[in-house]
Amino acid sequence: MLYSLLLPDLHVDSVYDIDLNELKKRGIKGIITDLDNTLIEWNRPDATPELVKWMKELKEQGFAVVIVSNNRQTRVSKIAEPLGVPFIHQAKKPTTSAFRRATREMGLSVQETVVIGDQLFTDVLGGKRMGFYTILVVPVAQSDGFITRFNRKMEKVALNWMRKRGKIPWEDSNG
C-alpha cells in the first residue's frame, strides 16, 4: 500500500527525543538526517548550541552521520562543515541516489542506517523506498519555504487519509 511508504517507523517531537540506545539495540550505526526544519529552522544561518552538543554526542556514541538535503551547497555546507559532518546537497529526495551515496560513504547497509527528517514526501518516502528505518520529527519552525509549503499541504491530505484509517499510531483520534 502507498501509505506504508509514507508512514514513518517512529514519530518524535525533535531529534533530541530520539533514544540513541534504542537505535543501537536495533543495530543502527549510521544516521542520514535532513537539515532544514529537522535539525534547525530552514532560515537559521548556523547551528544552535543544542545541535552542536547533539552531534558531538552522536560521534561519541559511535554513530556515523551524513546530512542529506535538497537545499543548495552554500546553505548545507554552512551548517555541516563547522559540525564536521559530511553532507549531500541538492539530493533530489525522495529519489534514492543520495540515500545510496550516504550509506556508501558511511560504509553501512540500509539495515544499519536510519533516516531522520521532517517531511513525509521527501525524507520518509525516500527512506522507505529503500527499506530504511525512518523517523519523522515535528518541524522545528512553523514556517517553510515555498516548495515545502506545497509539500506540507499534500502531507496534511495524506495524514488525514491515514488517520481516518487508523494507520497513525502516534496521534489520538482527535488528531
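Residues numbered from 1 in each chain as written. Predicted model: local features only at pLDDT ≥ 70, side-chain atom pairs only at ≥ 80, totals over all residues. Heavy atoms only, no water.

Regarding the overall build of the chain
1) Next: For the chain, the helix and strand inventory stands at seven helices and six strands.
2) Next: The order of α-helices and β-strands along the chain, N terminus first, is α-β-α-β-α-β-α-β-α-β-α-β-α.
3) Next: The C-alpha atoms of the chain give 15 Å as radius of gyration, which agrees with the globular expectation for 175 residues (16 Å, within 12%).
4) Next: Seen along its three principal axes, the alpha-carbon backbone of the chain occupies a region of about 45 × 35 × 30 Å.
5) Next: Here the chain holds 175 residues, and 47% of them are scored as buried.
6) Next: Restricting the contact set of the chain to residue pairs at least 6 apart, pairs at least 24 apart contribute 69%.
7) Next: Taken as a whole, the chain presents about 9,200 Å² of accessible surface, with 52% of it coming from carbon and sulfur. (Helix = DSSP H or I, 4+ residues; strand = E, 2+ residues; numbered from the N terminus. Rg over C-alpha atoms; globule rule 2.2 N^0.38 Å. Buried < 20%, exposed > 50% of the residue type's maximum accessible area, 1.4 Å probe, protein only. Contact = heavy atoms within 4.5 Å. Areas by Shrake-Rupley, 256 points an atom, 1.4 Å probe, with all protein chains shown as cover.)

Some remarks on the sheet that holds strand β2 (residues 30–33)
By definition, the strands of a sheet pair up through backbone hydrogen bonds, in either a parallel or an antiparallel sense.
1) Next: Strand order in the open sheet formed by six strands is β1-β6-β5-β2-β3-β4, and the pairing between neighbours is parallel. The open sheet has two free edges, formed respectively by β1 (10–12) and β4 (87–88), since each of these has just one partner strand.
2) Next: When β2 meets strand β3 (residues 64–68), the two strands line up parallel, connected through four bridges. Bridged to I32 within β3 is V66.
3) Next: Its contacts with the sheet put helix α6 (residues 120–130) on β5 (113–117) and β6 (133–137), and the angle it makes with β6 is roughly 165°. (Pairing = 2+ DSSP bridges. Axes fitted to C-alpha atoms, helices over the stretch in contact; angles between N-to-C directions.)

Some remarks on the pattern of salt bridges
1) Next: In the structure shown here, the tally under the stated rule is nine salt bridges.
2) Next: With a shortest N-O distance of 2.9 Å, K128 and D9 are connected by a salt bridge. Pair noted here: K128 is in helix α6 and D9 is in the loop between α1 (2–6) and β1, with a separation of 119 residues, a long-range link.
3) Next: A residue is classified by how much of its surface remains accessible, and K128, at 18% relative accessible area, is buried.
4) Next: Between E112 and K29 there is a salt bridge whose closest N-O contact spans 3.2 Å. Placement of E112 in the loop between α5 (97–106) and β5 and of K29 in the loop between α2 (20–25) and β2 is noted, with a sequence separation of 83 residues between them.
5) Next: Taken together, the salt bridges that share partners define one network made up of D34, K93 and D123. (Salt bridge = Lys/Arg side-chain N within 4 Å of Asp/Glu carboxyl O.)

Brief notes about the environment of D17
1) Next: Topologically, D17 is positioned in the loop between β1 and α2.
2) Next: Along the backbone, D17 and V137 are 120 residues apart, and their C-alpha atoms lie at a distance of 9.1 Å.

Topic: the nonpolar core
1) Next: Residues L23, M55, I116 and I135 are the most contacted members of the largest nonpolar core, which totals 28 residues.
2) Next: Excluding residues within four positions of it along the chain, I135 makes contact with L10, V12, I18, L23, V114, V115, I116 and G117.
3) Next: Judged by nonpolar contacts, the second largest core, of 13 residues, contains I32, A91, L108 and F132. (Core = buried A, V, L, I, M, F, W, Y, C linked by side-chain atoms within 4.5 Å.)

Description of the side chain of D123
1) Next: Topologically, D123 is positioned in helix α6.
2) Next: Under the relative-accessibility criterion, D123 is labelled buried at 2%.
3) Next: Reaching out from D123, the side chain makes a polar contact with the side chain of K93 at a distance of 2.7 Å.
4) Next: A polar side-chain atom of D123 sits 3.1 Å from the main-chain amide nitrogen of Q119. (Polar contact = N/O pair within 3.5 Å; in protein donor to acceptor, adjacent residues only side chain to side chain.)

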